[in-house]
Every structure is written in C-alpha cells, then in structure tokens.
Amino acid sequence: MHHASLFTPVTLGTLALPNRIVMASLTRCRADAAHVPTDIMATYYAQRASAGLIVAEATMVIEGNSAFGGREPGIYSAAQVAAWKKVTDAVHAAGGKIFSQLWHGGRACHSLLNGGAQPVAPSPLRITNDETHTPQGKKPYEIPRELRDDELPGIIAGFRHGAENAKLAGFDGVELHGANGYLLDEFLRDGSNQRSGPYGGSIANRARLLLEAVDAAVSVWGAGRVGARISPLNSYNDMKDSDPVAITSHVATELNRRGIAYLHVMRGDFFGLQKADVVTPARAAFKGALIGNMGYSAAEAAQAVEAGTLAAVAFGHHYVSNPDLVARVRTGTAFVEPDSKTFYSPGARGYTDYPAAVAA
C-alpha cells in the first residue's frame with residue numbers, strides 16, 4: 001500500500017471516517033434553473049463515495065444569490081431538500097459520508113443571475129480582476145450594496161435554515177464556506193471589508209459574521225458535525241488581507257473554543273500573489289482536526305498526517321477527473337487530468353464519464 005498513513009481511520013468531531021482523504025467542494029453547475037439538484041448529481045457524488053468525507057459543492061442558503069451562471073444548487077426550498085436527499089442516499093448506499101457546504105455568494109453575485117437584484121457585501125467594493133458569466137455573456141462584476149447591520153441577523157437566519165435543511169436532506173454535517181471571496185470571507189478580510197461598527201475594523205469584528213454563522217450551524221447540528229473552511233491567502237475574487245496570519249490565528253482560536261469538528265484551511269493563493277504560512281498558526285491555535293487543502297501531492301499529504309500537522313487532506317482539482325482517487329492513491333496509480341472546458345458545462349461529459357481505472 002502506498003501512503004499508508006492516509007488509510008488509517010480518523011474522527012472529525014463525532015464523525016468517524018475510514019480514511020483521511022477528503023473530497024473538497026467543487027462547484028460544477030449541474031443543478032437546474034431553480035437551483036434544484038439533478039439526478040446526475042447523485043451519480044457523480046456516489047462515484048466518489050470512497051473518499052473519507054465528501055464536502056458537497058457551494059450551496060445557496062438564501063434565494064437570489066447566484067454567482068455561477070444560475071446553475072449552482074440551493075438548500076432553501078422543499079424541492080431542493082428532496083433532491084439533495086437523493087444525493088445523500090446515493091452516497092450512503094455507496095458507503096460514503098457527505099457534508100453540505102453552506103454558502104452565500106456576496107459580491108460575486110450578479111443582477112442578471114438574480115432577477116435584477118443588486119449583489120450585497122460588507123462594503124460597496126466590486127470585484128475588478130475578472131468578469132462573470134451571465135445569460136447575456138461575460139459581464140463585469142457590479143458594485144454591491146453595503147449590507148446594513150440590522151440585515152445581518154437575517155443572513156445568519158439563512159445559514160441556520162440551510163443547516164436545518166441539510167439535516168432534513170440526510171447530510172452527515174455541514175461546512176461553513178468562509179473562503180474564496182464569498183460573503184463570509186468578504187467580511188473576514190480587510191481588502192473587502194472597510195465598514196465600521198460591530199462587523200468592521202478589528203479582526204474580531206470582521207470575523208463576527210463567520211463565527212455567528214458557525215454558531216447557528218452548531219445550534220442545529222452540535223459542534224461535532226460542523227466544519228469551517230477559510231482561505232486567508234487566496235486572491236480569487238479580488239481578495240486580499242493585510243495580515244492573513246493574524247486572521248488565521250484569530251479564527252482558529254475562536255473555532256477551537258467552539259469545539260467544532262474540523263477547520264479546513266486553504267494554504268495558498270490560486271494566483272500566487274499572497275504568500276505566508278497559514279497552516280502553522282492554524283495548527284497552533286486549533287487543537288481539533290485540521291484539514292489542509294491546495295496543491296498537496298499524495299506523498300506530501302501522507303507526510304503531513306504522519307507529522308501530526310494535519311488530520312486529513314482535501315483534494316479538489318483531481319477529484320473532478322478521478323472518481324477512484326482513493327484507490328489511485330493506495331496503489332500509486334497516476335491521476336487523470338481534468339478537462340477544464342467541462343467544469344461548468346451541462347450534462348455527463350466531463351462530469352460522470354471519467355472512468356475508474358483502479359478497483360476499489
């Protein structure tokens with residue numbers, strides 16, 4: 001067996017996993033126009049059920065916050081809950097575990113995807129380093145509306161409702177999406193949060209919304225079935241922070257106090273603009289299960305587990321094209337590279353048609 005440490009059991013909170021390979025959340029845009037998961041999504045996730053844990057794709061907790069061309073899933077309606085139940089049933093029938101990733105798109109949303117509604121954010125600062133896909137083609141991101149303090153309890157209520165619906169849908173727990181330039185991350189980092197008041201200014205204030213969303217999920221699930229994902233360095237969606245190590249330490253300390261199942265840290269920057277070691281301060285402050293993500297090879301993942309730095313490692317990019325990724329790691333079989341042209345396209349091509357080359 002290759003990389004044996006990745007195949008030892010591990011417990012995240014109250015969830016026991018058979019191995020330490022996690023499938024990171026990957027938005028694939030295969031939901032329908034009403035953001036209801038489709039049957040092919042059940043097939044896709046069941047194909048990958050050998051992961052110790054699957055974290056499902058970013059899932060809207062509040063209607064009208066689409067940021068991915070209008071085809072990402074939600075978890076705010078009864079129809080969505082029923083459709084997600086087909087997904088979780090398929091994963092469980094295949095022997096897997098799956099968490100829902102609760103998400104709000106924030107300023108990455110666009111009015112053309114949301115019935116004319118202006119995006120919302122901590123501050124009226126638009127994304128300037130890219131354009132977004134809309135029904136009218138690629139368009140510049142819009143200037144978002146600054147959320148008022150008195151609107152934020154409604155945002156938290158949306159995350160709580162999403163957590164409740166995730167339980168009804170049969171998920172094994174939930175992960176709060178505090179990464180990659182979406183709403184919770186926008187509040188956390190000072191490049192996008194320039195507000196004053198209780199949710200702006202200091203690191204403690206900027207982290208407040210993320211921690212309140214975590215608390216809402218914990219009130220539904222208990223701490224042992226709640227995780228949180230952060231990306232202190234990632235400049236995707238025009239994000240930056242003046243002190244990513246400090247926000248990592250603060251968030252990790254606060255999440256440690258809450259005793260949640262795991263902290264999921266994206267260790268790098270897609271574009272290489274921001275560089276720092278955020279895994280070490282996360283490990284120092286968070287005593288529970290730490291999951292690392294971004295660019296780990298199987299060998300490096302095994303070394304991090306053996307050293308006690310990480311409890312598990314999340315693989316993203318290669319889970320697109322390797323439904324049998326766990327078996328490939330075990331046998332030392334090379335990964336297949338994904339076709340990026342089909343990441344967000346409809347149908348089975350580039351989604352459920354990648355073959356498993358290795359027997360589980």
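For the structure, see preceding data.
These figures come from a predicted structure and were not determined experimentally.

Quick word on the overall build of the chain
Right, so step 1: Secondary structure assignment for the chain yields eleven helices and 14 strands.
Right, so step 2: Its C-alpha atoms give the chain a radius of gyration of 19 Å, within 12% of the compact-globule value 21 Å for 360 residues.
Right, so step 3: Taking the principal axes of the C-alpha coordinates as reference, the chain spans close to 55 × 45 × 35 Å.
Right, so step 4: In the chain, buried positions account for 58% of the 360 residues.
Right, so step 5: In the chain, the share of contacts with a sequence separation of at least 24, taken over all contacts with a separation of at least 6, comes to 73%.
Right, so step 6: Surface summary for the chain: the accessible area is close to 12,900 Å², and the carbon and sulfur share equals 54%.
Right, so step 7: Side chains of the chain carry 33 positive and 33 negative charges; the gap between the two charge centres is 3 Å.

Structural notes on the state of the cysteines
Right, so step 1: All told, the structure shown has zero disulfides when counted by the stated rule.
Right, so step 2: Just so you know, Cys29 is unpaired, no disulfide at all, and the nearest cysteine sulfur is the one on Cys109, 13 Å from it.
Right, so step 3: With relative accessibility at 2%, the residue Cys109 sits in the buried group.

Observations concerning the sheet that holds strand S3 (residues 21-23)
Right, so step 1: If you walk around this closed barrel you meet the eight strands as S3-S4-S5-S10-S11-S12-S13-S14, and the pairing is parallel. When the angles between neighbouring strand axes are averaged without regard to direction, this sheet yields 25 degrees.
Right, so step 2: Here strand S10 (residues 173-178) pairs with strand S11 (residues 226-230) via five bridges, running parallel. When the bridges of S11 are listed, Val174 appears paired with Val226.
Right, so step 3: Across the sheet, helix H1 (residues 39-47) lies against S3, strand S4 (53-60) and strand S5 (98-103), angled at about 150 degrees from S4, the strand it touches most.

Here we look at the pattern of salt bridges
Pairs can form between side chains of opposite charge whenever their charged atoms are close.
Right, so step 1: Taken as a whole and judged by the stated rule, the model has 15 salt bridges.
Right, so step 2: The partner of Arg148 in a salt bridge is Glu151, with the nearest N and O atoms 3.7 Å apart.
Right, so step 3: The class for Arg148 is partly exposed, based on a relative accessible area of 47%.
Right, so step 4: With a closest N to O distance of 2.8 Å, Asp149 and Arg195 form a salt bridge. Of the two residues, Asp149 sits in the loop between strand S9 (145-146) and helix H3 (152-168) while Arg195 sits in the loop between helix H4 (183-188) and helix H5 (203-206), which places them 46 residues apart along the sequence.
Right, so step 5: On the basis of relative accessible area, Arg195 is assigned to the buried category, the value being 7%.

Side note on helix H9 (residues 298-306)
Right, so step 1: Every buried residue belonging to H9 is among Ala298, Ala301, Ala302, Ala304 and Val305, and all of these are buried. Buried positions in H9, seen along its axis, are confined to an arc of 160 degrees and lie on one side of it. Relative to its buried face, H9 has exposed residues pointing more than 90 degrees away, namely Gln303 and Glu306.
Right, so step 2: Buried residues belonging to H9 abut strand S14 (312-315) and helix H11 (325-331).
Right, so step 3: Just downstream of H9 lies Gly308, where phi reads positive at about 85 degrees.

Observations concerning helix H6 (residues 208-221)
Right, so step 1: Taking 1.5 Å as the rise per residue, H6 with 14 residues should run 20 Å; its terminal C-alpha atoms sit 20 Å apart, in good agreement.
Right, so step 2: Those residues of H6 not exposed but buried are Leu209, Leu210, Leu211, Ala213, Val214, Ala216, Ala217, Val220 and Trp221.
Right, so step 3: Packing partners of the buried residues in H6 comprise H3, S10, H4, H5, S11 and helix H7 (244-258).
Right, so step 4: Positive phi appears at Gly222, one or two residues downstream of H6, with a value of about 85 degrees.

Some thoughts on unusual backbone geometry
Right, so step 1: One non-glycine residue with positive phi stands out, namely His35, at about 65 degrees.
Right, so step 2: By the element assignment, His35 lies in the loop between S3 and H1.
Right, so step 3: What makes His35 buried here is its relative accessible area of 10%.

Details of the pairing of S11
Right, so step 1: Judged by how many residues are buried, S11 sits mostly within the fold: five of five residues are covered.
Right, so step 2: Alternating positions in S11 separate into two faces, Val226, Ala228 and Ile230 on one and Gly227 and Arg229 on the other, with burial throughout.
Right, so step 3: By the bridge criterion, four bridges tie S11 to strand S12 (residues 262-266) in an arrangement that is parallel. Looking at S12, one finds that Ala228 is bridged to Leu263.
Right, so step 4: Read as a crossover between parallel neighbours, the route from S11 over H7 to S12 is right-handed.

Here we look at the packing of H3 against H6
Right, so step 1: In contact at an axis separation of 9 Å, H3 and H6 are set at 35 degrees when each is read in the N-to-C sense. Note on packing geometry: the crossing formed by H3 with H6 is right-handed. For the pair formed by H3 and H6, the contact residues are Leu152, Ile156, Phe159, Arg160, Ala163, Glu164, Ala166 and Lys167 on the first element and Leu209, Glu212, Ala213, Ala216, Ala217, Ser219, Val220 and Trp221 on the second.
Right, so step 2: Considered class by class, the residues forming the contact of H3 with H6 number eleven nonpolar, one polar and four charged.

Considering the environment of Asp241
Right, so step 1: Within the secondary structure layout, Asp241 lies in the loop between S11 and H7.
Right, so step 2: For the pair formed by Asp241 and Leu188, sequence separation is 53 residues and the distance between their alpha carbons is 8.7 Å.
Right, so step 3: Not counting chain neighbours up to four residues away, the residues in contact with Asp241 comprise Leu188, Arg189, Asp190, Arg206, Ile247 and Gln274.

What counts, and at which threshold
Residues numbered from 1 in each chain as written. Predicted model: local features only at pLDDT ≥ 70, side-chain atom pairs only at ≥ 80, totals over all residues. Heavy atoms only, no water. Helix = DSSP H or I, 4+ residues; strand = E, 2+ residues; numbered from the N terminus. Rg over C-alpha atoms; globule rule 2.2 N^0.38 Å. Buried < 20%, exposed > 50% of the residue type's maximum accessible area, 1.4 Å probe, protein only. Contact = heavy atoms within 4.5 Å. Areas by Shrake-Rupley, 256 points an atom, 1.4 Å probe, with all protein chains shown as cover. Lys, Arg positive; Asp, Glu negative; His and termini not counted. Charge placed at Lys NZ, Arg CZ, Asp CG, Glu CD. Disulfide = S-S within 2.5 Å. Pairing = 2+ DSSP bridges. Axes fitted to C-alpha atoms, helices over the stretch in contact; angles between N-to-C directions. Salt bridge = Lys/Arg side-chain N within 4 Å of Asp/Glu carboxyl O. Arc of directions from axis to C-beta. Expected span 1.5 Å × (residues − 1). Right-handed = clockwise from strand over helix to strand, strands pointing away. Left-handed = near helix turned anticlockwise from the far one by under 90°. Nonpolar A, V, L, I, M, F, W, Y, C, P; charged D, E, K, R; others polar.

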